[in-house]
Amino acid sequence: MNSLTDIILIQENLLQAVLWDRMSIPTLLVLYGSQTGTAQDTAERVGRQAQRRRMGVRMHALDTYNVANLISESLVVFVCSTTGQGDPPDNMKNFWRFLFRKSLPAGSLCRLDYAVLGLGDSSYAKFNFVAKKLHKRLQQLGASALLPVGLADDQHELGPDAVIDPWLVLFWQKTLSLYPLPAGVSPLGDQDPLPPRYVFHFLDEITEKLAEQPLPPDDHALPSSTHPFPARVVSNQRVTDPSHFQDVRHIEFDITGSKIQYSAGDVVMIRPCNSPEDVEHFCQLLRLDPDRYFTLTPTDGSTAPVPVRLPQPCAVRYLVERYLDVAAVPRRSFFELLASFATDEMERGKLAELSSPQGQDELHSYCNRPRRMALEVLADFPHTTAELNVNYLLDLIPEIQPRSFSIASSLLVDPSVKTNVLQAHHNRIQILVAVVKYKTRLHKARKGLCSSWLASLDPSQGEVCVPLWVKKGGLKFPQDPHTPVIMVGPGTGVAPFRAAIQERIAQGKTANLLFFGCRSETKDFYCRTEWEEKVQAGHMTLFTAFSRDQEDKIYVQHRVKEQAKLLWDMIANRNAVFYIAGNANQMPAAVCDALKEVFKQEGGMTESQAQEMLNSMEKTGLFQSETWS
């Protein structure tokens, strides 16, 4: 299919949409709050289903929608995830603040029919907290729920779709009974293609190499996701022993001239690039010239403007390297769209199975469990990949999402202080990065996209810059100089506490207690020299747990229980704040159990009283955690 044919087809579709509009077809507004792209992908799925039902569709991230217009809407689906400790995603925080204004009248949304679909992870205490709270608030404002809030769960053996699929069936049954299509209008079949969001226009006349760089920072604004700051990599050092299985990097960036300010607990956001090998492989599979340039035209500019991160014109290599997440594990929507291009009977049947509700167990077995990449799936379906229309690339492959890293340094540290330890400097950001690499049943080892890319950057070979920006993290440290802090940070979970200890010592706050855990004292004891200097200076207290240095494994939770008397005194008598940071697998729950044992042993509490005290500490900010999976 060539571009001229595409444009004619799209114009016909748009003309048909105008005719439907004149027949007063119902319109659905889909609003989403997404941190990693999953909620956005689900929202787009709802939008496609609405298009197939001949409904008008508008779709926005919640913070790009004028929330004041909500009072005049009639039909809205909200799709939202929950981040951190029950927080809304970054792209719905302004909407969240507005919606919870106490000044909003109780019946202000009385015209609105709505449905809320939440995406969460039941291993976290505040599972789908944002969706539940949004659902309740909309009812308080007089809106009518079409059906109960959907609570999709990453922990389900079939993933979020185990909830999303039946929820959507009920949603459409209810919606079409209240908002029926006009007489004579019938839904599109599943095999009928929807128009792409964009049309590619390849520019044969551009032959010279254009300088394509991320958008420059706005001189009058702080760096952001659309205008990151190109920070020079100062150093990239491995901090684990060469014989240790885990490669962990200490990376330092120069942020001079960025206007970035940060405090302990803040995080730096970094959007990685695909490897040169993956870029070349992708271009070969789709028979694309990586050095060819193109421009994009949206098929409907009101709902899908050209992505701001893509220059116009743009090289194919730039698109694949910096924008398309070809190394991601593809979602079900990927297989649904890919199936529409299949002409090979065997491939079409397999893709249809993988994208069907009945084939979700097979999809998880093929894709999710072994962590198969989109690039590998395309290679597994060569006939279909060869038929893929390039205009659908941005519909098929999602955008690379930024990763967050706890900042492991402080701007307050004086660079003139002489020490044997690598110190944080003014205008520098430091992070600890565990390079992700593991085996599945697939022959090729799985690698974390961002950690592998960062580890590959070598400033000794020439200047290397990483586009980044900073946002507030979930950990808040006390301003009162007399308030002690108790920090439990095994592994790279120690990163935010390194920042906090540096910052607090610079402010004259020395009531700092750190529990650090790792496998071996000689192989992965991060910042060892720094901790020993600070302990010797009387600026902190350190307890360590090296799990593999003796026959019986010792973890940070064991050290917490051993220091019951000290911890009880700090918490009960000195109002200490207790922090946990690290992997969300088993450690946080084990440390919480150990802390409750402290309350029971030293405070004479029952199990329920200890739990109540922990809950109370969390509500008042005296217990804080930042964990990741």
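Residues numbered from 1 in each chain as written. Predicted model: local features only at pLDDT ≥ 70, side-chain atom pairs only at ≥ 80, totals over all residues. Heavy atoms only, no water.

Where we set the bar: UniProt positions are given in the numbering used here, feature names are shortened, and annotations may be inferred rather than shown by experiment.
As recorded in an unreviewed UniProt entry, the chain goes by the name NADPH-dependent diflavin oxidoreductase 1, listed as coming from Electrophorus voltai. Its UniProt record gives the chain a comment under Subunit (unreviewed entry), which states: "Interacts with CIAPIN1; as part of the cytosolic iron-sulfur (Fe-S) protein assembly (CIA) machinery. Interacts with DCPS." Quoted straight from UniProt, the Catalytic activity (unreviewed entry) entry for the chain says "2 oxidized [2Fe-2S]-[protein] + NADPH = 2 reduced [2Fe-2S]-[protein] + NADP(+) + H(+)".

### Side note on the overall build of the chain
Selection criterion: Secondary structure is summarised from DSSP: a helix means a run of H or I of at least four residues, a strand means a run of E of at least two, and numbering begins at the N terminus for each. Radius of gyration: over C-alpha atoms. The globule rule applied is 2.2 Å multiplied by the number of residues raised to the 0.38 power. The buried label applies to any residue whose accessible area, calculated with a 1.4 Å probe on protein chains only, is under 20% of its type's maximum; exposed applies above 50%, and partly exposed to all values in between.
Across its full length, the chain carries 20 helices and 22 strands. In summary, the chain has a C-alpha radius of gyration of 26 Å against a globular reference of 25 Å for 629 residues, a match within 12%. Seen along its three principal axes, the alpha-carbon backbone of the chain occupies a region of about 80 × 60 × 50 Å. Here the chain, with 629 residues, has 51% of them falling under the buried criterion.

### Here we look at the packing of helix α18 (residues 564-573) against helix α19 (residues 587-603)
What counts, and what does not: Every axis in this analysis is a line fitted to C-alpha atoms, fitted for helices over the stretch in contact. Angles between the N-to-C directions lie between 0 and 180 degrees. An angle counts as roughly parallel when it lies under 35 degrees, as roughly antiparallel when it exceeds 145, as roughly perpendicular when it falls between 65 and 115, and as oblique in every other case. By definition, residues are in contact when any of their heavy atoms lie within 4.5 Å. Basically, the charged four are Asp, Glu, Lys and Arg, the nonpolar ten are Ala, Val, Leu, Ile, Met, Phe, Trp, Tyr, Cys and Pro, and anything else, Gly included, counts as polar.
The contact between α18 and α19 brings their axes to 9 Å, and the two run at 85°. Relative to α19, the element α18 lies roughly perpendicular. Across the interface between the two elements, Ala 564, Lys 565, Leu 567, Trp 568 and Ile 571 from α18 touch Leu 595, Val 598, Phe 599, Gln 601, Glu 602 and Gly 603 from α19. Among the residues forming the contact of α18 with α19, the class breakdown is 7 nonpolar, 2 polar and 2 charged.

### Describing the sheet that holds strand β12 (residues 314-315)
To keep things clear, this is the line we draw: Only when DSSP finds a minimum of two bridges between them are two strands counted as paired.
One open sheet accounts for 3 strands, arranged β7-β11-β12; its pairing is antiparallel. Bordering the open sheet on either side are β7 (198-203) and β12, each of which pairs with just one other strand. Taken together, the 2 bridges between strand β11 (residues 293-298) and β12 define a ladder with antiparallel strand orientation. Bridge pairing links Phe 294 to Cys 314 in β12.

### Some remarks on α18
Convention followed: Note that the arc is defined by the directions from the helix axis to the C-beta atoms.
What α18 keeps buried is the set Ala 564, Leu 567, Trp 568, Met 570 and Ile 571. Buried residues in α18, looked at end-on, bunch into an arc of 165°, giving them a common side. Opposite the buried face of α18, by more than 90 degrees, sit the exposed residues Lys 565 and Asn 573. Phi turns positive one or two residues past the end of α18, at Asn 575, with a value near 60°.

### Things to note about helix α2 (residues 38-52)
Put simply, the rule reads: Multiplying 1.5 Å by the residue count of a helix minus one yields the expected span of that helix.
Its 15 residues place the ends of α2 21 Å apart at the C-alpha level, agreeing with the 21 Å of an ideal helix rising 1.5 Å per residue. Counting buried positions over the 15 residues of α2 gives 11, a clear majority of the element. For α2, the complete set of buried residues consists of Ala 39, Asp 41, Thr 42, Ala 43, Glu 44, Arg 45, Val 46, Gly 47, Gln 49, Ala 50 and Arg 52. At the exit of α2 stands Arg 54, carrying a positive phi of roughly 65°.

### Here's the deal with the environment of Gly 517
Locating Gly 517 in the fold gives a position in strand β19 (residues 512-518). Separated by 29 residues in sequence, Gly 517 and Val 488 place their C-alpha atoms 8.4 Å apart. What Gly 517 contacts, discounting residues up to four positions off in sequence, is Gly 489, Pro 490, Gly 491, Ala 545 and Val 556.

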